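Understanding the architecture of this molecule
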Amino acid sequence: MNYWLFKSEPFKFSFDMLKEKGKAGTQWDGVRNYAARNNMKAMQIGDLGFFYHSNEGLNIVGIAEVCALAHHDTTTDDPRWECVDIRAVRDVPTPPTLADIKNNPKLSEMALVRLGRLSVQPVTPEEWKEVCRMGGLNPAP
DNA sequence: GCCAACGTTGGC
DNA sequence: GCCAACGTTGGC
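Residues numbered from 1 in each chain as written. Chains lettered and ligands numbered in written order. Predicted model: local features only at pLDDT ≥ 70, side-chain atom pairs only at ≥ 80, totals over all residues. Heavy atoms only, no water.

If you look chain A up in an unreviewed UniProt entry, it shows as EVE domain-containing protein from Mesorhizobium retamae.

Mapped onto this structure's residue numbering, the UniProt feature "domain: EVE" (unreviewed entry) falls at residues 2-134. For residues 2-134, the helix share is 26%, the strand share is 32%, and the end-to-end C-alpha distance is 20 Å. (UniProt positions renumbered as here; feature names shortened; annotations may be inferred. Helix = DSSP H or I, 4+ residues; strand = E, 2+ residues; numbered from the N terminus.)

Neighbouring DNA strand B are Asn33, Tyr34, Arg114 and Arg117. Each atom of DNA strand B within 4 Å of the protein was assigned to sugar, phosphate or base; sugar and phosphate come to 53%. Across the surface near DNA strand B, the residue classes break down as one nonpolar, one polar and two charged. (Near = heavy atom within 4 Å. Nonpolar A, V, L, I, M, F, W, Y, C, P; charged D, E, K, R; others polar.)

This part takes up the protein's contact with DNA strand C. What surrounds DNA strand C is the set Lys7, Glu9, Tyr52, Ser54, Asn55, Leu58, Leu98, Lys102, Gly116 and Arg117. Sugar plus phosphate, as a fraction of atoms of DNA strand C within 4 Å of the protein: 80%. With respect to DNA strand C, the side chain of Lys102 contributes an N or O atom lying 2.9 Å from a phosphate oxygen. Arg117 places a side-chain nitrogen or oxygen 2.8 Å from a base oxygen of DNA strand C. Looking at side-chain class alone, the surface near DNA strand C contains three nonpolar, three polar and four charged residues. (Polar contact = N/O pair within 3.5 Å; in protein donor to acceptor, adjacent residues only side chain to side chain.)

In this section: the environment of Cys67. Checked against the element boundaries, Cys67 lands in strand 4 (residues 59-72). Given a relative accessible area of 22%, Cys67 falls into the partly exposed group. Each C-alpha atom, one on Cys67 and one on Gln27, is 9.3 Å from the other, the two residues being 40 residues apart in sequence. Residues within four places of Cys67 in sequence aside, it is in contact with Lys23, Ala24, Ile45, Asp85, Ile86 and Arg87. (Buried < 20%, exposed > 50% of the residue type's maximum accessible area, 1.4 Å probe, protein only. Contact = heavy atoms within 4.5 Å.)

Turning next to helix 2 (residues 34-41). Turning to helix 2, its buried residues number three or more, namely Ala36, Arg37, Asn39 and Met40. Looking down the long axis of helix 2, one finds its buried residues gathered within 155° of arc, a one-sided arrangement. Elements in contact with the buried residues of helix 2: strand 1 (3-8), strand 4, strand 5 (82-91) and strand 6 (120-123). Near the N-terminus of helix 2, the side chain that reaches the backbone nitrogen of Ala35, with its oxygen 3.0 Å away, is that of Asn33. (Arc of directions from axis to C-beta.)

What follows is the structure, encoded as structure tokens:
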């Protein structure tokens, strides 16, 4: 089991919209970055990921689960681009903000801090536990 | 709205 | 295959 972080602008696709998709979830399409795509190709069914709102909110608002392995992104004809499907698992009770994360020395190596523009990021188990603790999820899922 | 970071493109 | 130019992202 691995941990990840999905970034989205809430006015384009928010965590609430993911929740409305229900158990079937939705394909995480539109990613046109090789590093982000490679992360998705490495995902397994049942992997968990934080759902981060960029531009507005700047916080980790929910937890999502990978429910389909990487497959062709149907929003393009280009065979290079693949994506996984994810579904909402639960809200984070007290969403940690980017500032909170930057202020936590344990999280100074997080991709969210170091590689701000990467839209799909790996999260280490230590970072996962720490962010869950900050978010009011204890023990971590 | 500005600007820094960084990925991509294209000329050589 | 290098590197400058350019475009996009995203925090502030």
